[in-house]
Amino acid sequence: MRYFVASTESSTISEEHRISFIAHPDIHNYKLFLRRKSHVSISTTIPVLTAMTISFWMRTKQDSEGTALSYATPSQPNELVIKTHPSVRVIIKGSPQGDETDWDLNDGNWHFVWIEWESSTGHLTIREGARTIGPLTTTKTSLEGGGYLVLGQRQQAQKKFIEAKAFVGEISHVNIWSVKRTDFEVMRKDCIGLHTGSVFHLSDDTIDLHQSASIIASDACSCILLLCILMLLIIHMKKLLDS
């Protein structure tokens, strides 16, 4: 049984729907479909971050600049930005980190993107599959809390978007932690939500779909879904044996 609730609320933004997720493993397997004018806002209050890990699956064929995630505060519209095209690049507190990559992520295939950062060292690492950038040396200042976090759009100020830099495609399995994690391979193989973000994860939080954004069943990591099911069965059997 799926615990999935969708309710339409009146709004000044056309085609805007509030989608509420109630925690359940199979809800993890949904993806967001984003178009040029659409975006997904996250209502979770973002705390001050002295460290973070962000992971998500993405698929796109867009040729123009794309932004998977942006986080804006009153004092800094580019407090955190994750660009996905023409190359993967992270912007922290308004400063682009590292050089432009030559990673081709607009080939229409699913890609697992992983970003880890901590302010104590300023180290930032970006991963996709077998490819790694970093650790890069970045700011040692924490990220400000209480900002506006969206998927699919670049912000020039809070809630004011640069549509020319929007992400066009699909995003799935979004997780944000307030710690620097190092278990990239474990998370890449987690298709059913055994490990979810402490700050945000798509399966049990509230999001707003704006304009033509939509949500459908995800096929992001179906190639390793059997392995995930096996992992879940092993954990379940271990709990039965320990009880």
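Attention here is on the structure that accompanies the text. (Residues numbered from 1 in each chain as written. Predicted model: local features only at pLDDT ≥ 70, side-chain atom pairs only at ≥ 80, totals over all residues. Heavy atoms only, no water.)

**What to know about the nonpolar core**
What tends to happen in soluble globular proteins is that the nonpolar side chains get buried as a cluster.
Then, in step 1: F56, L80 and I115 are the most contacted members of the largest nonpolar core, which has 42 residues in total.
Then, in step 2: Of all the elements, strand β5 (residues 51-59) adds the most residues to this core, at four residues.
Then, in step 3: Those residues within four positions of L80 in sequence are excluded, and the remaining contacts are M52, I54, L69, S70, Y71, V90, I91, I92 and L143.
Then, in step 4: Residues F112, W114, C191 and A220 belong to the second largest nonpolar core, which totals 10 residues. (Core = buried A, V, L, I, M, F, W, Y, C linked by side-chain atoms within 4.5 Å. Buried < 20%, exposed > 50% of the residue type's maximum accessible area, 1.4 Å probe, protein only. Helix = DSSP H or I, 4+ residues; strand = E, 2+ residues; numbered from the N terminus. Contact = heavy atoms within 4.5 Å.)

**Focus on the pattern of salt bridges**
Then, in step 1: A complete count under the given rule lists eight salt bridges for this structure.
Then, in step 2: The closest approach of N and O atoms between K93 and E79, which form a salt bridge, is 2.7 Å. Residue K93 is found in the loop between β8 (89-92) and β9 (95-97), and its partner E79 is found in the loop between β6 (66-72) and β7 (80-85); the two are separated by 14 residues along the sequence.
Then, in step 3: For K93, a relative accessible area of 27% puts it in the partly exposed group. (Salt bridge = Lys/Arg side-chain N within 4 Å of Asp/Glu carboxyl O.)

**Some points on the packing of aromatic side chains**
Then, in step 1: A complete count under the given rule lists five aromatic pairs for this structure.
Then, in step 2: Plain terms: the ring middles of F112 and W114 are 6.4 Å apart, the flat faces sit at 45 degrees to each other, and that makes the pair tilted. The same class applies to F112 as to W114, namely buried.
Then, in step 3: Both rings, one in F112 and one in F184, keep their centres 5.5 Å apart while their planes meet at 50 degrees; by these two values the pair is tilted. Linking F112 in strand β10 (residues 111-118) with F184 in helix α1 (residues 184-188), this pair joins segments that are 72 residues apart in sequence.
Then, in step 4: Under the relative-accessibility criterion, F184 is labelled buried at 4%.
Then, in step 5: An aromatic cluster is present here, built from W57, F112, W114, W177 and F184 joined pairwise through their rings.
Then, in step 6: Over the ring of W177 we find R181, and its NZ or CZ is 4.5 Å from the ring centre. (Phe/Tyr/Trp six-rings, centres within 6.5 Å; stacked < 30°, edge-to-face > 60°. Lys NZ or Arg CZ within 6 Å of the ring centre and 35° of its normal.)

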